[in-house]
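What follows is the residue order along each chain.
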Amino acid sequence: MTDLAHPFRQPRPPGGHGWWVLPALVPTVAVLVGGLGLVLSQSLGLLPFAGRPNPGLDAYRQVNAAGELGSALVVSLGIAVISTALALVIGTAAGLAIQRRRRGSRAVGAAAAVTVPVPHLVGAATMGLLLADSGLLARLTGSTPGTFPAFVGGPSWAAVIAEYAWKESAFVAIVVVASLRSRAAQYDEAGAVLGASPWQRLRSLTLPLLAPALIVTGTISFVYTLGSYEVAWLLGRAYPQPLSVLAYQLFTSTDLAVRPQASAVAAITTAIAAVVVVIGSMLLRRSRALR
Amino acid sequence: MMPYLELVGLRRQHSSNQPPAVNNLTLSASRGEVVALLGPSGSGKTTVLRLVAGLDEPEAGSVSVGGRDLRGVAPERRGIALMFQRPLLFPHLTVLDNIAFAPRMAGVSRRDARVKAARFLELVQLDDYGDRSVRSLSGGQEQRVALARALAAEPDVLLLDEPFSALDPSLRADMHQLLAEVRAVIEPTILMVTHDQTEATSVADSIALLVDGHLEQHDTPDRLYTQPASLVVSRFLGGVNEFPGVVSAGVHISDIGHLLVPDAADGGAVLVIRQEAVFLASPTDTRADAVGEVLSVESAGPRRTVTVRCDGIRVVAEVGPAQSARVGDSVGVLLPVSQRHVVPVPMSPAPVPATR
Amino acid sequence: MRPLRWLRSTFGVVGRLGLVLWFVVPLVPMLLWVFANRWPYPSVLPTELGTDGLHQAVTEGVASAMGRSLLLAAVVALVATPIGAAAARALTFGRVPAGRLVEVILLAPIAIPSFAVVMGLNIVLLRWRVPGLVGVMTILVVAAIPYTTYVMRVAYLGHDLGYEEEARTLGASPEAVRWRVHVPLVLPALTVSAFLAFLVGWSDYIVTLLVGGGQIVTLPMLLGATTTGTGNESVVAVMAVLCVLCPLLLFGAITPIRRRSQPTHSAEIDRPVAAAELVGSR
């Protein structure tokens, strides 16, 4: 139905035009495509600081040459895998505990919620105050200086893993509670009256029902941990460096010629994150296949 | 017959500042019997089912099946299956695996459980739906699968919580038919909650009427209608004719006159008679128990509800097209003796509102 | 039966206690250090209490750092919330070509390491002489868009356009409908979105570090710089607590709005808030 006063204006769909996505879409595309495009170009030698473009994989080869890339991959992936796994297990347990509404459930819910507004940097700082060899845990266990295990800055990266697991488990717990909120109790009762013991109900009903939520939160946590800088910087050790710290070092190096290597590390990190997201969405689709 | 399912003195209070949801309920069902739990919403019917299933604990009273006291027994070990109001089919399992759930939990191998499930799938006439996802089912199909799933648990007692209330009337009739067919094969003992009188009457062997957590009467459908134990029962089932008065030597004396009520005990009593049992006759008919003027005629399809005023008392009759009358007509009202029923009430101080 | 039940319920209580400790214990050292003037190893508790840490933090410029953080976070919240809400509404009710793709793009920043994006954009930011703070704000707005869009998307999925159409038939102009019907109905979700966007702006470290080169001193930057020193645990603790306190107070302030009931089915009341909570801890 054409508006005669404005013959070229389309009639308004009931919810308004689709144009309203643009204020959000344009900056997002500009920043993502621009940022990643430039990173990729620089890593491929297309945007040197001085001299002519020299397309090729030199930057990648150089950063790999010293073995730094390999060890960075091992450290970053290791931290991401372990902390995400811990976060999923602890977060699910917490989510179930909150949702079951037994004695103390609200305390668990409140405790998880308290960690929400804590920035990761602050979390790292306080985790350091807890786990350092002069930290609270060391004092509580009365260990003599030098005998406390090196959680902070040690080869196990334990403090880093602990901080990520700590924050991410709250995230998982909240998602689990939200996911179970509407239906969990009913399916649980339905299972009980069909003869399933509590353990059977957990394995055969609750966890499968939680699978999509866990896949999503697991993927998000993993990718975040992979690309996070401040926690690894504050609680980690100088060598080997995780990907984010390595990239930062190369980026801020006084030798500008190593910039493309920083971009190479950034590009590789992004590629791994993309692969993980793809795997996550495939798993998600499979878990939803029957629904 | 020996009672198979026995509820004795059940009491459940949801919270301390509310009246009990179920109060001193004693009820029993024989093996293979279908008992309908009928009552208005909030009367505690669902609570009773949850107590029997073990999902809630009673404050007092006991539940036993086949002589075995189930106090303290977890729901999964009671041998009782409950079909909820919503089908609650597990979305991550196929139709067949849903039905096979209970056998699997009991330790049957996956293959054997599926074979068993297929039998029950056939019983509810959804033979080829085994591999489907539960999302693809219609409402009626979902309920059938839910029924098959509960049956596959081979429970001693099957509990149904308004399982068909969300379906439209023709589907509901199909499900009643299905239930009858299932009963012919398996003969389960069923306790079924419903708020629909018609459903209760057509499906159940006996009806237990629950009002405000209290069991008013447990009887066959016929006796519930024609011989209500109390005015609460009569009113819930839609009876409107109530004549308060006194019984003396087999005669009920009230404002409408002297009516013969053989076998009734002396004392204050309200005489009730179903409106469907009242006949209209000509005002000069000698058999008429009272004569009056037609106040109103309301149609409901082919039936009519005729309200007649006799000496200031209203009598309501529900008649078919053959006995129609018009407003203002003078008619005679017949209250057949066999259909009269007296409900004893104390003389005073709790007066029953007169039907004036 | 009895002993097994007792064992299981005790196990449950212990487990729940353990979970509470897991979440709460890491915060304890920070709180203890705030008022600890002296706390030599190996004392379990501070030996001398005082406000030295607080004074020191003020000397090091914590007040202006907080001011800068507030400005940054407020701008991110004020920009990202309306554009996220507009996008969510368009995706839910309007006709958006390639809607699924658009939605994926808007959610993509969550999956992309921010340092990679910043390292790339730095080139153009420098060449175009974009002021550092502007660059940081832009990038953080894009980082916050996935949160605001998602929360508002869930809210709009439960939103009944019938209210607005009804208002139109009652004579309300489009502007009146927007401000008197539409916005009040989605206000709880809007405040949650704004809070999440605020948190993104407030908590950021790496983007501010890379774009500002250390010159833009927000509270996280100051905290980060202070941690590299030695013997100043108390100052670090003060800054850390201040860094948590502000969003915590804000969260408390929005709670009455957040919890306001909406005139829809109870399931829909839960959903926007639940979804917002779920994203909140990121």
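These numbers were taken from a predicted model, which means no experiment stands behind them.

A. Just the overall build of chain A, in detail. Helices and strands together make up the secondary structure of chain A, namely 12 helices and 0 strands. Ordered by position in the sequence, the α and β elements of chain A form the string α-α-α-α-α-α-α-α-α-α-α-α. Overall size of chain A, expressed as C-alpha extent along the three principal axes, is 85 × 75 × 30 Å. Long-range pairs, those at least 24 residues apart, make up 72% of the contacts in chain A with a sequence separation of at least 6. Working note: accessible area of chain A is about 13000 Å², and carbon and sulfur atoms make up 66% of it. Taking the average place of the 21 positive charges on the side chains of chain A and the average place of its 10 negative ones, the gap between the two points comes to 12 Å.

B. Layout of the interface of chain B and chain A. Each partner contributes to the interface: chain B provides 26 residues, whereas chain A provides 21 residues. The junction of chain B with chain A conceals about 2100 Å² of combined surface from both sides, 67% of it contributed by carbon and sulfur atoms. Per-residue buried area on chain B facing chain A is highest for B:Glu76, B:His92 and B:Met105; these three make up 32% of the total on that side. Taken together, the links from chain B to chain A amount to 2 salt bridges. For B:Arg50, the salt bridge identified is with A:Glu189, shortest N-O distance 2.6 Å. The interface formed by chain B and chain A contains 5 residue pairs in polar contact (both at pLDDT 80 or more). Of all the secondary structure elements, the ones that give two or more residues to the side of chain B that touches chain A are helix H1 (45-53), strand E6 (80-83), helix H3 (101-105) and helix H5 (139-152) of chain B. In terms of residue class, the side of chain B that touches chain A is built from 18 nonpolar, 3 polar and 5 charged.

C. Spatial organisation of the interface of chain A and chain C. Each side of the interface is counted separately: chain A has 90 residues, and chain C has 80 residues. For the pair chain A and chain C, the summed buried surface comes to about 7200 Å²; carbon and sulfur atoms form 78% of the total. By the criterion of area lost to chain C, the three top residues of chain A are A:Pro117, A:Leu129 and A:Arg139, representing 10% of everything that side buries. Counting across the chain A and chain C interface gives 0 salt bridges. Among the elements that line the side of chain A that touches chain C, the one with the most residues is helix H1 (residues 22-43) of chain A, at 14 residues. Along the lines of polarity and charge, the residues of the side of chain A that touches chain C split into 61 nonpolar, 21 polar and 8 charged.

D. Focus on a nonpolar patch on the surface. Together, A:Leu137, A:Leu140, C:Val44 and C:Leu45 give the surface a local cluster of nonpolar side chains, amounting to about 340 Å² of exposed area. Assessed through its relative accessible area of 53%, C:Leu45 is described here as exposed.

E. Here's a closer look at H5(B). Residue and element names in this part refer to chain B. With 14 residues, H5 should reach 20 Å at 1.5 Å per residue; the first-to-last C-alpha distance of 20 Å fits that figure. Taken across its 14 residues, H5 has 12 buried, putting it largely inside the fold. Within two residues after H5, glutamate 154 carries a phi angle of roughly 45°, on the positive side.

About the thresholds
Counting restarts for each chain: residues are numbered from 1 in the order of the written sequence. Key to labels: chains lettered from A, ligands numbered from 1, both in the order written. The model is predicted, so local features are restricted to residues of pLDDT at least 70 and side-chain atom pairs to those at 80 or more, both for listing and for counting; the totals for chains, interfaces and linings are taken over all residues. The side-chain values count all of the structure's non-hydrogen atoms but skip hydrogen atoms and water molecules. Comment: elements are numbered from the N terminus, with helices defined as DSSP H or I runs of at least four residues and strands as E runs of at least two. Contact criterion: two residues are considered in contact whenever any of their non-hydrogen atoms come within 4.5 Å of each other. All accessible areas in this document rest on Shrake-Rupley with a 1.4 Å probe, and a residue is counted as covered only by the protein chains that are shown. Counting rule for charge: Lys and Arg are taken as positive, Asp and Glu as negative, and neither His nor the chain ends is counted. Charged side chains are reduced to one point each, which is NZ for Lys, CZ for Arg, CG for Asp and CD for Glu. Buried area adds together the accessible area that both of two parts lose upon being put together, with accessible area traced by a 1.4 Å probe. Throughout this description, the term salt bridge denotes a Lys or Arg side-chain nitrogen within 4 Å of a carboxyl oxygen of Asp or Glu. In protein, a polar contact requires one atom able to donate a hydrogen and another able to accept it; more generally it is a pair of N or O atoms within 3.5 Å, and residues adjacent in sequence count only if both atoms are side-chain atoms. Polar here means any residue other than Ala, Val, Leu, Ile, Met, Phe, Trp, Tyr, Cys and Pro, which are nonpolar, and Asp, Glu, Lys and Arg, which are charged; Gly is therefore polar. Grouping into patches uses exposed residues only, defined as over 30% relative accessible area, and leaves out salt-bridged ones; the cut-off is 9 Å for like charges and 5 Å for nonpolar side chains (Val, Leu, Ile, Met, Phe, Trp, Tyr). Summary of the burial criterion: residues with accessible area below 20% of their type's maximum are buried, those above 50% are exposed, and those between are partly exposed, where the area comes from a 1.4 Å probe applied to protein chains only. To estimate how far a helix should extend, the number of its residues minus one is multiplied by 1.5 Å.

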